[in-house]
Amino acid sequence: MSASQPWYKRLYDWVERRVQLEGPVKDAALHPVPRNTASWWYVFGSASLTLLILQVVTGILLAIIYVPSAAHAWDSLQLLNNGLPLGWFLRAMHGWGSNFMVAVVLIHMAQVFLFGAYKFPRELTWIVGVFLLLLTLGMAFTGQVLRFDQDAYWGLGIGVSIMGRVPVIGGWLVDLLMGGPIINGATLTRFFALHVFVIPGTLLALAGLHVWMVLKLGVNEWPMPGRIVRRSTYIQEYNQLAHDDGIPFVPGAVWKDLFFSAAILFAVAVCAAIFGPYGPKGVPDPTIINTVPKPDFFFLWIYTVLSYLPPEMETPFILIAPVVAVVILIALPLVAGIGEKSWWRRPVGVFMVMFLAVSWAELTHLGTYTPWSPKMSAWSGAPVPIEYLRNRTPLERQGANVFQEKQCRNCHSLGHSGGLRGPALDDVATRLTEDQLYRQVLLGGGNMPAYGSALTPPETTALVHFLDTLHPGYQAPATDASRTVAAQQGQAPRPSTIEKGAGQTTVR
Amino acid sequence: MDEKLPPPSPHEQDATLARERHSRRTFLMNVGIALNAAAAAVIATPVVVYLLGPVLRRNEYRSWVSLGKVSDFPPGETRLVKYRNPYTDPQDGDTGNIPAYVRCSEPGNFTVFAINCAHLGCPVRWFAESQLFMCPCHGGVYYADGSRASGPPERGLFTYEQKIENGKLLIKAGQLPTLRNKAAAKPCPSLDAPAQPALLSRIESCPPASPGTSASTIG
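Residues numbered from 1 in each chain as written. Chains lettered and ligands numbered in written order. Predicted model: local features only at pLDDT ≥ 70, side-chain atom pairs only at ≥ 80, totals over all residues.

## Remarks on the overall build of chain A
Filter applied, for reference: In this description a helix means any DSSP run of H or I spanning at least four residues, a strand means any run of E spanning at least two, and both kinds are numbered starting from the N terminus. Values of the radius of gyration come from C-alpha atoms, whereas the globule rule sets the reference at 2.2 Å times the count of residues to the power 0.38. C-beta atoms are placed from the backbone for every residue, and two residues are taken to be in contact when these atoms lie within 7 Å.
A tally of regular secondary structure across chain A gives 20 helices and two strands. The C-alpha radius of gyration of chain A comes to 31 Å, more than 25% above the 23 Å expected for a compact globule of 508 residues. When the backbone C-alpha atoms are referred to their principal axes, chain A occupies close to 120 × 60 × 45 Å. Residue pairs at least 24 apart in sequence account for 78% of intrachain contacts in chain A once pairs closer than 6 positions are excluded.

Below you can see the structure in the form of structure tokens.
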């Protein structure tokens, strides 16, 4: 060590002599990777890691202010949003960082699956990755709880209701999850400990292991049809490929990772700046029941599934399906650890990814407008279209009143406004005869409640007369043919539907 | 860089290990491991008890809470009430306030429903005009007597155990109702409800043995 060297070089040598990290870091940075892996398709893993670091940093900054107390959490979020300079921006970065992280992790997983990268010898890398996905989703859910608002409160309610369905130990699990008999301060501190210590600690440790294995086993080569993975020959073939047609990881491949990570960080910042932080929505006061709880974006699909499952299938499904899904993911590399990697030779795998993506997208889309939920304010907020009232008899108009007042509109739409739970009723008279309308209204059926005890006979009559006018001008209302026959023989009163020519909805 | 002595070769390491296998040092190391295991067990026991605290204390949670005078609840009406949970901590804030519905079907005959939908616990809303409870989450609907009308719930609304003392309506409260953790042991709240007129009496007053085959679902 000569004094002629600049001071920083001497400082570096002084430290390096003690920590001795140069060797392993150089080995990691310069190890050869197959040239064809320096591809834009291989940037999602490093982007996930970048986002994890972003979440840790912004999370620590938020923890400076956030108070994990059920009495104060909401106020401390308001302080972050409004009381501190750029507190809102940090909340927004953390919230959008979470969204991006879930999305990028899912894309990374799909890419790894389609490229066959989970096959020998990288099975354990995939299995650790499955746990990383679960932990990431765990972070997203517990983070939603820490944003302690009405959605968080009732979201927890949904969580404990699901827990409560576990056979035998369900009640205990509920108490354990809530930290008490109800959702309260103890629940929030539990989720705080999970979100801030337990899950991120595990996540960082497993992410370290994941990256370690990527370095040890090498980046998966670009899959070629016909290049079969065999346990006996793969390692040698891979090393040959990395040797003959390899480039050092730094800078050969890493520049794309760096570009993409920077782009993702910019995207998070832009979303945060434009769309702002998530909530908090209403105060987490359970006595404010005029609320429509909704999960965050990446859990909307579960919300949809829980609405559409038949009641008798629900408990088995929500208790068994997640376990089966995780077991399948873990078993995948153990069952299909060798063979073709290329997507050109794995049509079933490609189809599965497409099927899951399309299902997820559609379930999420449904979750954004929840057609299964009654529209709680439609009965007082969505007027009956005027053309449905023109040239109507007083009785029919009174029926329209009944229709609104009895909240029929919460589940049935007229003129494209109102609930979507039941069928739209714009042309219900073409589907049901007068008698069938009476029956349907009074006794319900097909998922409709019976209104018999909520309607007086005059109200029922008015309502059915109104419903019987709901048909297009070109299509007569449905009638019971037998009544016409009976009427001709003078044995029954004339059916009132025959006189309904005047009142018809407009032709559409 | 500094010259370093080469580390022992694997062969030398194996030889050292074999030599030490029955030595006093190995014995002392094993004793040390056992001591640490014992210490871990001693520490773990209170940790487990600490973590299981909420489960072990669960019998203390429920107690009688007054919802107000009986005369506050006129016959034929269903009213939203709130009470302070009997078991709260200072840091609970508003979350210790719990809403419930009190239905008085006839003088002296009360049913107190939990706010939580029997499906997944969202807060149901009462619509007096149509005499229905509707859930905003997944579309569960219940009749005025709490029995299931439509949607995903498998059963009627949860009810609280209730009694009248000194002119006050009391409920046994303190625990969030879920399918395993009921506000009341009664599985079927509609059983003690007044009989409906003959035309309207629904075939199932309890959830049917095989859901989906009831009169109100197949029509």
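## A closer look at the sheet that holds strand β10 (residues 168-173) of chain B
Strand-to-strand pairing in sheets goes through backbone hydrogen bonds, with the strands running parallel or antiparallel. Residue and element names in this part refer to chain B. For clarity, the cut-off: For two strands to be treated as a pair, DSSP must find at least two bridges joining them. An axis is simply a line fitted to the C-alpha atoms; with a helix, the fit covers only the stretch in contact. Between two such axes, the angle follows the N-to-C directions and lies from 0 to 180 degrees.
One open sheet holds the three strands; their spatial order is β1-β10-β9, and the pairing between them is antiparallel. Both edges of this open sheet fall to β1 (63-69) and β9 (162-165), since each of them pairs with a single strand only. On average, adjacent strands in this sheet sit at an angle of 35 degrees to one another, irrespective of strand direction.

## Focus: the environment of Thr 393 of chain A
All names here are of chain A. Counted only if it meets this: Our exposure labels follow a C-beta count within 10 Å of each residue's own C-beta, placed from the backbone: buried means 20 or more other C-beta atoms, exposed means 12 or fewer, and partly exposed covers the counts in between.
Looking at the secondary structure, you find Thr 393 in the loop between α16 (378-381) and α17 (394-405). Since 16 C-beta atoms lie within 10 Å of it, Thr 393 is described here as partly exposed. Each C-alpha atom, one on Thr 393 and one on Trp 360, is 49 Å from the other, the two residues being 33 residues apart in sequence.

## Looking at the domain arrangement of chain A
For the record, the criterion: How far each domain reaches was decided by an automatic or database domain assignment.
Partitioning chain A into structural domains gives domain 1 (31-369) and domain 2 (378-499). Once you take the C-alpha centre of each, domain 1 of chain A and domain 2 of chain A turn out to be 49 Å apart.

## Describing helix α1 (residues 7-19) of chain A
Note: α-helices contain 3.6 residues per turn, so residues at a spacing of three or four share the same orientation. Residue and element names in this part refer to chain A. The line we're drawing: By this rule, a helix spans an expected 1.5 Å times one less than how many residues it contains.
For α1, spanning 13 residues, the distance from its first C-alpha to its last is 18 Å, which sits close to the expected 18 Å at 1.5 Å a residue. Of all 13 residues in α1, zero are buried; the element is thus mostly exposed. Following α1 by one or two positions, Gln 20 adopts a phi angle in the positive range, close to 50 degrees.

## Details of the interface of chain B and chain A
Put simply, the test is: Residues were grouped as follows: Ala, Val, Leu, Ile, Met, Phe, Trp, Tyr, Cys and Pro as nonpolar; Asp, Glu, Lys and Arg as charged; and all remaining residues, including Gly, as polar.
The partner chain A presents 62 residues to the 60 residues of chain B that form the contact. Elements supplying a minimum of two residues to the side of chain B that touches chain A: α3 (53-56), β3 (97-106), β5 (125-127), β6 (132-134), β7 (141-143), β8 (148-150) and α4 (215-218) of chain B. Residues belonging to the side of chain B that touches chain A are distributed by class as follows: 26 nonpolar, 23 polar and 11 charged.

## Looking at the pairing of β9 of chain B
Residues and elements named next belong to chain B. In terms of strand pairing, β9 meets β10 through four bridges, oriented antiparallel. In the sheet register, Ile 164 faces β10, and the bridge partner there is Leu 169. What sits between β9 and β10 in their antiparallel hairpin is a turn of two residues, with Asn 166 showing a positive phi close to 50 degrees.

## Let's talk about the sheet that holds β7 of chain B
Residues and elements named next belong to chain B. Spatial strand order, β5-β6-β7-β8: four strands in an open sheet with antiparallel pairing. Strands with a single pairing partner mark the edges of an open sheet, and in this sheet they are β5 and β8. Put simply, the sheet's adjacent strands are angled 35 degrees from each other on average, direction ignored. By the bridge criterion, three bridges tie β6 to β7 in an arrangement that is antiparallel. Considered in β7, the bridge of Leu 132 is made with Tyr 143.

## Points about helix α4 (residues 73-83) of chain A
All names here are of chain A. Applicable threshold: The arc in question is the one traced by the directions running from the helix axis out to the C-beta atoms.
Residues Ala 73, Trp 74, Leu 77 and Leu 80 constitute the buried set of α4. Looking straight down α4, one finds its buried side chains confined to an arc of 120 degrees; they lie on one side. In this structure, α4 carries Asn 82 and Gly 83 as exposed residues pointing more than 90 degrees from its buried face. Each element contacted by the buried residues of α4 is listed here: α3 (44-63), α5 (87-114) and α9 (185-217).

## Comments concerning the pairing of β3 of chain B
Residue and element names in this part refer to chain B. Here strand β2 (residues 77-84) pairs with β3 via eight bridges, running antiparallel. Following the sheet pairing, Arg 84 is matched in β3 by Asn 97. The pairing of β3 with strand β4 (residues 109-114) spans six bridges and is antiparallel. Counterpart to Glu 106 in the pairing with β4 is Asn 109. Hairpin connection, β3 to β4: the antiparallel pair is bridged by two residues, and Gly 108 has positive phi, about 85 degrees.

## Structural notes on unusual backbone geometry
Cis rather than trans, the peptide bond between Phe 120 of chain A and Pro 121 of chain A has omega equal to 0 degrees. Relative to the helices and strands, Pro 121 of chain A resides in the loop between α5 and α6 (123-146). Following Gly 279 of chain A, the chain continues into Pro 280 of chain A via a peptide bond in cis, with omega recorded as 0 degrees. By the secondary structure assignment, Pro 280 of chain A is in the loop between α12 (254-275) and α13 (300-308). Despite not being glycine, Asn 166 of chain B has its phi angle at roughly 50 degrees, a positive value. A tally of 8 C-beta atoms within 10 Å means that Asn 166 of chain B is categorised as exposed.

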